[in-house]
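As a plain string of letters, each chain reads:
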Amino acid sequence: MNVFDGLPFIALLSLLALAALQGTTYLIGRRIGRYNVVDVSWGLGFVLVALVGLLAGDGSLTRRLLLFVLVTVWGLRLSLHMHRKSAGRGEDPRYTELLDRRGHGTWQVLRRIFIIQGASQWVISAPLQVSAVAGPTSGLAWIAAGTGVALWLIGFTFEAVGDRQLERFKADPCHRGTVMDQGLWAWTRHPNYFGDSSLWWGLWLIAASAWPGVLTVFAPLLMTYVLIYGTGARLLERHMAERPGYRQYQQRTAYFWPRPPR
């Protein structure tokens, strides 16, 4: 059977799963009065797509299971982290600014926040969808898959450890009003975003170990672009620019790609 024969089915199931997730998230956000709950559903959306691929795909079971485990470990950790980060707090200033400019109507909220996120999840999860219907990994392609796992481990470590270090830093009253520049944050100003990018390149390499997974290279490229230039590092830097000590931190610490601290 042609690899592309089963792809429309997986793509449609993934789209429906993400639509249901984003619709539910919107209702929860409306009920609690803040839409930053959408950040909690970011990782969960990819877990759903990986689950669709595992249960409904007919490609290599080993690769489907590997991708499901890696995505689930990453996605659940990220969602739990975002829940702890936003619980008991008000709306995220990003969403307040966005809706103040575009309007607070139901359609504006859905389109500007939830539909955009669901569409982004669907496009970026293309390696998971294609891999679900691709044939087995064989021969030298295992090198790509192994490299992918290694990249995922590096990325997951940067993201998880970076988030934990920042949590502990903020929890210490002595650090109030100061800039986090310790641990991984001395190597890059955005270890969590760098980690996210790295692990998605790893997931792509695993998917690329069997045709036509290599064609989904646009997914990690898009993820990296968003993390650097979209809603990730650049937007955060704009909010942090006037914080005391941040400009000095910028001068001595790498922006995105890690390097030894100066």
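Residues numbered from 1 in each chain as written. Predicted model: local features only at pLDDT ≥ 70, side-chain atom pairs only at ≥ 80, totals over all residues. Heavy atoms only, no water.

**Brief notes about the overall build of the chain**
Phase 1: Helix and strand counts for the chain stand at eleven helices and zero strands.
Phase 2: In the chain, the succession of α and β elements from N to C terminus is α-α-α-α-α-α-α-α-α-α-α.
Phase 3: Taking 262 residues into account, the globule formula puts the C-alpha radius of gyration at 18 Å, and the chain, at 19 Å, falls close to it.
Phase 4: With the C-alpha coordinates of the chain rotated into their principal frame, the extents come out at 60 × 45 × 25 Å.
Phase 5: When burial is assessed residue by residue, the chain has 48% of its 262 residues classed as buried.
Phase 6: If you take every contact in the chain between residues at least 6 apart in sequence, the share linking residues at least 24 apart comes to 78%.
Phase 7: Put simply, the chain shows about 13200 Å² of open surface, and 66% of that area lies on carbon and sulfur atoms.
Phase 8: Between the averaged position of the 26 positive side-chain charges in the chain and that of its 15 negative side-chain charges there is a distance of 2 Å. (Helix = DSSP H or I, 4+ residues; strand = E, 2+ residues; numbered from the N terminus. Rg over C-alpha atoms; globule rule 2.2 N^0.38 Å. Buried < 20%, exposed > 50% of the residue type's maximum accessible area, 1.4 Å probe, protein only. Contact = heavy atoms within 4.5 Å. Areas by Shrake-Rupley, 256 points an atom, 1.4 Å probe, with all protein chains shown as cover. Lys, Arg positive; Asp, Glu negative; His and termini not counted. Charge placed at Lys NZ, Arg CZ, Asp CG, Glu CD.)

**Quick look at unusual backbone geometry**
Phase 1: Between Trp-211 and the following residue, Pro-212, the backbone shows a cis peptide bond with an omega angle of 5 degrees.
Phase 2: Relative to the helices and strands, Pro-212 resides in the loop between α8 (191–208) and α9 (218–229).

**Observations regarding the packing of helix α3 (residues 61–86) against α8**
Helix-helix packing is described using two parameters, namely the angle between the two axes and the distance between the axes.
Phase 1: Where α3 contacts α8, the axes come no closer than 10 Å and their chain directions differ by 170 degrees. As far as their axial angle goes, α8 and α3 are roughly antiparallel. Each of Arg-63, Leu-66, Leu-67, Leu-70, Val-71 and Trp-74 in α3 lies in contact with α8, whose residues at this interface are Asp-196, Leu-199, Trp-200, Leu-203, Ile-206 and Ala-207.
Phase 2: Considered class by class, the residues forming the contact of α3 with α8 number ten nonpolar, no polar and two charged. (Axes fitted to C-alpha atoms, helices over the stretch in contact; angles between N-to-C directions. Parallel < 35°, antiparallel > 145°, perpendicular 65-115°, else oblique. Nonpolar A, V, L, I, M, F, W, Y, C, P; charged D, E, K, R; others polar.)

**Overview of the confidence of the model for the chain**
Phase 1: Per-residue confidence for the chain gives a mean pLDDT of 93, with 99% of residues at or over 70.
Phase 2: The spread of mean pLDDT over the elements of the chain runs between helix α4 (residues 93–102), the lowest at 74, and helix α6 (residues 126–131), the highest at 98. (pLDDT = per-residue confidence, 0-100.)

**Re the pattern of salt bridges**
Phase 1: Per the stated rule, a full pass over the model turns up seven salt bridges.
Phase 2: The shortest N-O distance in the salt bridge between Glu-167 and Arg-164 comes to 3.3 Å. Taken together, the residues Glu-167 and Arg-164, both in helix α7 (residues 141–171) and three residues apart, mark about one turn of the helix.
Phase 3: By relative accessible area, which is 24% here, Glu-167 ends up partly exposed. (Salt bridge = Lys/Arg side-chain N within 4 Å of Asp/Glu carboxyl O.)

**What about the nonpolar core?**
A general trend in soluble globular proteins is that nonpolar side chains are found buried together.
Phase 1: Counting residues in each nonpolar core, the largest one holds 31 residues, and the members touching the most others are Val-71, Trp-74, Trp-200 and Leu-203.
Phase 2: Those elements giving two or more residues to this core turn out to be α2 (40–56), α3, α7, α8 and α9.
Phase 3: Apart from the residues lying within four places of it in its own chain, the contact partners of Val-71 are Phe-46, Val-47, Ala-50, Leu-128 and Leu-203.
Phase 4: Counting residues in each nonpolar core, the second largest holds nine residues, with Tyr-26, Tyr-35, Tyr-95 and Leu-99 among its members. (Core = buried A, V, L, I, M, F, W, Y, C linked by side-chain atoms within 4.5 Å.)

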